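Observations on the model geometry
Given next are the chains, with one letter for each unit.
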Amino acid sequence: MEEIETDDTVDTETFLRSYLHAPVKLHKISPDSAGRLWFLENDQSQTLYKLMQNHSGNLSYRKVANALKIPEEMVRILFEIPMNSRRFFSHRARFKYNEIGRSNEQKFKYTQGGTLVHATLERDAGEARFDDFKSAAISSQLFNEKTRIVLGDYTIQNATGLAFAGSFHASILSSAGSSVKFSKMKVRPYSSISENLALRGLAVDTKLGSSRFLAFFSSARRDAAFDEFGTVVSRPNTGIHITESELIKKDALGERIAGMMIKFPIVKNFTIGGSHSRTVYARFIRSPDSVRQRFNFTGRSKTMTSIDFLYQLKDTRTAVVGEIVRFDWGARAEVFGMRRSSKKSKLSLLFWNATADFVSDYGALPNSRIGDAGNNLGIYLGILFKSRLGTIDVSLRREKTHWRTYFWPQPIEKQIFNFFYENSTFKKLKFITRLKTSLAPQNRFVAANAMQLQSMSIENSVLNNLYFKTIYRFSGKSRYQFRFDYTRIRPAAEPEFNGWAQSHETHLQIKQGMRIKFRYTLFTIEDYLSRIYHFDYRFPDLLQPIPLTGMGKRMVFNYQIRFPLFEFSGFWFNEMKRGQKPKNGWGLQINFRR
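Thresholds, definitions, all that
Residues numbered from 1 in each chain as written. Predicted model: local features only at pLDDT ≥ 70, side-chain atom pairs only at ≥ 80, totals over all residues. Heavy atoms only, no water. Helix = DSSP H or I, 4+ residues; strand = E, 2+ residues; numbered from the N terminus. Contact = heavy atoms within 4.5 Å. Areas by Shrake-Rupley, 256 points an atom, 1.4 Å probe, with all protein chains shown as cover. Core = buried A, V, L, I, M, F, W, Y, C linked by side-chain atoms within 4.5 Å. Buried < 20%, exposed > 50% of the residue type's maximum accessible area, 1.4 Å probe, protein only. Pairing = 2+ DSSP bridges. Phe/Tyr/Trp six-rings, centres within 6.5 Å; stacked < 30°, edge-to-face > 60°. Lys NZ or Arg CZ within 6 Å of the ring centre and 35° of its normal. Salt bridge = Lys/Arg side-chain N within 4 Å of Asp/Glu carboxyl O. Polar contact = N/O pair within 3.5 Å; in protein donor to acceptor, adjacent residues only side chain to side chain. Patch = residues over 30% accessible without salt bridge, like charges linked within 9 Å, V, L, I, M, F, W, Y side chains within 5 Å. pLDDT = per-residue confidence, 0-100.

When its secondary structure is counted, the protein chain shows 6 helices and 34 strands. Long-range contacts, defined here as pairs at least 24 residues apart, represent 56% of the contacts in the protein chain between residues at least 6 apart. As displayed, the protein chain has an accessible area near 28400 Å², and 58% of this comes from carbon and sulfur atoms.

The following block contains the structure:
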């Protein structure tokens, strides 16, 4: 997950569920299938299979978590143990503090058999209301689990994620193992705290013979800003409501969506599906034209139609996927991909294209966030190979934007080369290295057109990023990690900028129920475009991407303590940069399960 370069907080549950069709049934694990679980390392796959051989009749989520040395929260998402008939209640209270103020979050979950009740209350730092964001849903499986009904807040995930990507986003182009994504049609109760990604209403997903049918309706309020004529000119999705202007935007735009999906087999190994939905807004939307404004939808209603397919060869390790989306005003986008996997290798090929006026509110193009204006043309080729000498993951990506974006105010072309190598030949020592090069054409002249108001000359940059990491395991309960990053950006006709960072990290497990982690990082990054991303594992189920810039040092401390019914976890960080005030923050999370 350290390959994800994003400024968004990553909820581990949301991320993993967006990539899993369903939890892996542990009682069906074999040596071959354990080796193909992309979220496990080689030694973890072997440990899992041995655990199944020795304790198959007496498994628990706690035992699996201790054996694999990963948080129990992740184990409950990744695997299924035949305990579904039992009642399960959990309450998670999360408190965080930084220089802006204190934030808090309360999350409740109750499950029994195929029924789940979920509720969330959340307030960001600086907001006045303790329940600035409220979310709740009830989900139930009926008729021998052939029908699922969700009432409340929910997300839909389907195919490549071009029309409906679920809670997180479409495929991530950092590894050949995750680049070609195709999900089964499914609806899930919403559990994240992102305030503008969930549908709110009723969804029914049912199996009719060998086909599946999904119908949904949503009526929700979205943040929006108006001009003096009452026209919507922007739709922020940050979910922050602190200033007076932000409070005015809160829930200011009504949105109604109704739609349906169907999935059915044509012949053996070939499945086709489609969706049709219509969205109506309470006000007219028109995005203003400015240099930094991405192209967006204009109007009061829109109709979206999509078609998707999945073709799997007999060995089920080769698949060809595709999805095409079209709007009623002519905007369209398509994604096509092919993946081939074996125990030792993976091959992925992906192609996508979207017109300049395409934007999907609940979908995303590859490597994009939900709701982004994904107007570009791209191709990706990735190869992953495993041997006794280690794992090599190489990829090449080329993209061309039809329209300006936030970071690039002109249409551009760029090419990204990624080389990743991991070696675990030594029993206690692991080496990981990555080289990433981003190249864009220099001094390219762009003529004025309907989208671009004036001619201009583009002078883009070359960006190189290299990191090297070693992990040494002293024992099963402690390890030390060293990471070194180097980055360079070379703008055309300007001096180049360099940056580096080194971090030292120690993990300790005290007894069976207590873990602590400490990281110390020094960094010098001259330019924001050459920023270096590090992840703070602030809670067992929350990652915070930190873009390091400037010159300074950063310290992060994490802990996790388990008791029979409760679990405490938390973090503390301190960051000091030259020329800036020190930044401090802390967080506490209390989990209750029964």
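On to the nonpolar core, then. Of all hydrophobic cores here, the largest spans 36 residues; its most connected members are Y154, I156, F164, F216 and F358. Residues M52, L68, I70 and V75 belong to the second largest nonpolar core, which totals 18 residues.

A separate point is the pairing of strand β22 (residues 413-423). Across 10 bridges, the pairing between strand β21 (residues 390-401) and β22 is antiparallel. By the bridge assignment for β22, K400 is matched with E413.

A few words now on the packing of aromatic side chains. Remark: the centre distance and the inter-plane angle together describe each pair of aromatic rings, the angle taken between the planes. Taken as a whole, this structure holds 15 aromatic pairs when the rule is applied. Ring centres of F571 and F573 lie 6.5 Å apart, and the angle between their planes is 15 degrees; on these two criteria the pair is classed as stacked. Like F573, F571 is buried. Ring-pair connections join several aromatic residues into one group, and the members of that group are F270, F309, Y311 and F336. Sitting above the plane of the F226 ring, R283 keeps its charged end 4.2 Å from the centroid. Directly above the aromatic system of Y467 lies the positively charged group of R483, at a separation of 4.2 Å from the ring centroid.

On to the pattern of salt bridges, then. For the coordinates displayed, the defined rule picks out 23 salt bridges. Between E567 and R562 there is a salt bridge whose closest N-O contact spans 3.2 Å. Overlapping salt bridges, with partners in common, bring together E505, R519, D536, R538, R554, E575 and K577 in one network.

All right, on to unusual backbone geometry then. Non-glycine residue N144 carries a positive phi angle of around 55 degrees. Following the sequence through the fold, N144 ends up in the loop between β7 (133-142) and β8 (147-159). Despite not being glycine, E145 has its phi angle at roughly 65 degrees, a positive value. Along the chain, the position of E145 falls in the loop between β7 and β8. E145 gets classed as exposed once you look at its relative accessible area, which sits at 61%.

Here the focus is the pairing of β21. In terms of strand pairing, strand β20 (residues 376-387) meets β21 through 12 bridges, oriented antiparallel. Residue pairing across strands places L381 opposite L396, the latter belonging to β21. Linking β20 back to β21 in an antiparallel pair, the connection comprises 2 residues.

Turning our eyes to something else, we now look at the environment of S218. Within the secondary structure, S218 is located in strand β11 (residues 211-222). You can call S218 buried: its relative accessible area is 0%. Once the C-alpha coordinates of S218 and E255 are considered, the two residues, 37 residues apart in sequence, prove to be 7.9 Å apart. Setting aside residues no more than four positions away along its own chain, S218 makes contact with Y154, L199, R200, G201, E255, R256 and I257. One polar contact links the side chain of S218 to the main-chain amide nitrogen of R200, over a distance of 2.9 Å.

Here we take up a nonpolar patch on the surface. Together, I307, I324, F336, L347, L349, F351, L377, I379, L381 and I383 give the surface a local cluster of nonpolar side chains, amounting to about 750 Å² of exposed area. With 4 residues, the top contributor of residues to the nonpolar patch is β20. Tracing the chain through its elements places I307 in strand β16 (residues 299-312). Residue class for I307 comes out partly exposed when judged on its relative accessible area of 41%.

Chain-level statistics for the protein chain give a pLDDT mean of 82 and a share of 83% at 70 or above. In the predicted structure, residues 449-454 sits below a pLDDT of 50 and forms 14 contacts with residues beyond four places in sequence or in another chain.

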